[in-house]
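Analysis of the macromolecular model
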Amino acid sequence: MFQRLKALRDAPALAAGLAALALVVLLQLADLGALERVRLAVFDAYQQAAPRDPAGADAARVAVVDIDEASIAKLGQWPWPRTELAELTDRLAQAGAAAIAFDIVLSEPDRTSPEEVAALHRRLGTELALGEGFARLPGHDALLARSFAGAPVVTAYFLDRGRHGGAIEPKAGFTLHGTMPTRAVRRYDGAIQPLPVLEAAAQGNGFVSIEPDADGIVRRAPLVAIHRGVLVPSLGLEAVRVARGDGSPD
């Protein structure tokens, strides 16, 4: 009898708790715009209150080679000749870099390359002898590919929802347990990829496409995406795979 009375006394509190839980679930499923803005504001507040320590344990393991104003003042306007990138790649490899991830998409030929200069002279019909001399020199993209082949390089590509560009050919595949995660992973059909000679020489390739939140601020970077039914890694995830020497990022 006592247990029955206690259950009756606790019933209103239990009902109120279940109602509150149901309300939270409904709000989460509805994903109202106001709720989304509150969630983003709370996340930003957390980041400002306790930001990640830039001098933490992982800081010594990652180095960013930045193309800043000082670099441009020394080497000239961007884009630089690919010979400069080749020298940079060689020096990073000699310094013992476990992975060298280029977060720029080298999708077009180097306009300063000798064969491009020779083609320009042929089009203009001037200095033909000089143009032919340039044509006999090694191309800058070929020199960069040679540097890529001797270093743990990861190249980057863009993904978009257009239907252009070729299919992505990952350097390593994923092991899936179950079906393709199409509900949780963004899908793309288009791609802007590096030059084939550079892509073939690299040890890894990953996408650098990111999408902002509802307020236009980028707060997250996906690790994987789906391109034409194939699971592909981000540049960061692929860099980790190359650095670890793994054959597959599963």
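Structure's up top.
Everything quoted here is computed from the prediction, not taken from an experiment.

So, the overall build of the protein
- Each helix and strand in the protein was counted, giving nine helices and seven strands.
- Taken across its 250 residues, the protein has 27% of its residues classed as buried.
- Summarising the internal contacts of the protein: among those between residues at least 6 apart in sequence, 78% fall at separations of at least 24.

Considering unusual backbone geometry
- Residue Pro79 is bonded to the preceding Trp78 through a cis peptide linkage, with omega at 5°.
- We note that Arg228 has phi near 50°; this positive angle belongs to a residue other than glycine.
- On the secondary structure map, Arg228 appears in the loop between β6 (224–227) and β7 (230–233).
- Arg228 gets classed as partly exposed once you look at its relative accessible area, which sits at 27%.

A closer look at a nonpolar patch on the surface
- Together, Val38, Val42 and Tyr46 make up a nonpolar patch on the protein surface, roughly 300 Å² of accessible area in all.
- Along the polypeptide, Val38 turns up in helix α2 (residues 33–49).

Describing helix α9 (residues 235–244)
- For α9, the full list of buried residues reads Leu235, Glu238, Ala239, Arg241 and Val242. Down the axis, α9 shows its buried residues gathered within 160° of arc, on one side only.
- Of the surrounding elements, those touching the buried residues of α9 are β1 (100–101), β2 (153–160), β5 (204–207) and β7.
- Two residues or fewer past α9, Gly245 is found with a positive phi of approximately 75°.

Some details on the packing of aromatic side chains
- The final tally for this structure, using the stated rule, is two aromatic pairs.
- Consider the rings of Trp78 and Trp80, whose centres lie 5.3 Å apart with planes at 70°: the pair is edge-to-face.
- According to the relative accessible area criterion, Trp78 is partly exposed, its value standing at 34%.
- Using a relative accessible area of 9% as the deciding quantity, one classes Trp80 as buried.
- Their ring planes at 45° and their centres at 5.2 Å tell us that Phe102 and Phe148 sit as a pair that is tilted.

A closer look at the pattern of salt bridges
- By the definition in use, this model includes ten salt bridges.
- Put simply, Arg219 and Asp44 hold a salt bridge, and the shortest N to O gap is 2.7 Å. Taken together, the residues Arg219 in the loop between β5 and β6 and Asp44 in helix α2 connect sequence positions 175 residues apart.
- Residue Arg82 is joined to Asp141 by a salt bridge in which the shortest nitrogen-to-oxygen separation is 2.5 Å. Of this pair, Arg82 sits in helix α4 (residues 82–94) while Asp141 is found in helix α7 (residues 140–149), placing the two residues 59 residues apart along the sequence. Here the two residues Arg82 and Asp141 agree in accessibility, since each one is buried.
- Overlapping salt bridges, with partners in common, bring together Asp44, Asp213, Asp215, Arg219 and Arg220 in one network.

Calculation criteria
- Residues numbered from 1 in each chain as written.
- Predicted model: local features only at pLDDT ≥ 70, side-chain atom pairs only at ≥ 80, totals over all residues.
- Heavy atoms only, no water.
- Helix = DSSP H or I, 4+ residues; strand = E, 2+ residues; numbered from the N terminus.
- Buried < 20%, exposed > 50% of the residue type's maximum accessible area, 1.4 Å probe, protein only.
- Contact = heavy atoms within 4.5 Å.
- Patch = residues over 30% accessible without salt bridge, like charges linked within 9 Å, V, L, I, M, F, W, Y side chains within 5 Å.
- Areas by Shrake-Rupley, 256 points an atom, 1.4 Å probe, with all protein chains shown as cover.
- Salt bridge = Lys/Arg side-chain N within 4 Å of Asp/Glu carboxyl O.
- Arc of directions from axis to C-beta.
- Phe/Tyr/Trp six-rings, centres within 6.5 Å; stacked < 30°, edge-to-face > 60°.

Just distances and angles here, no functional claims.
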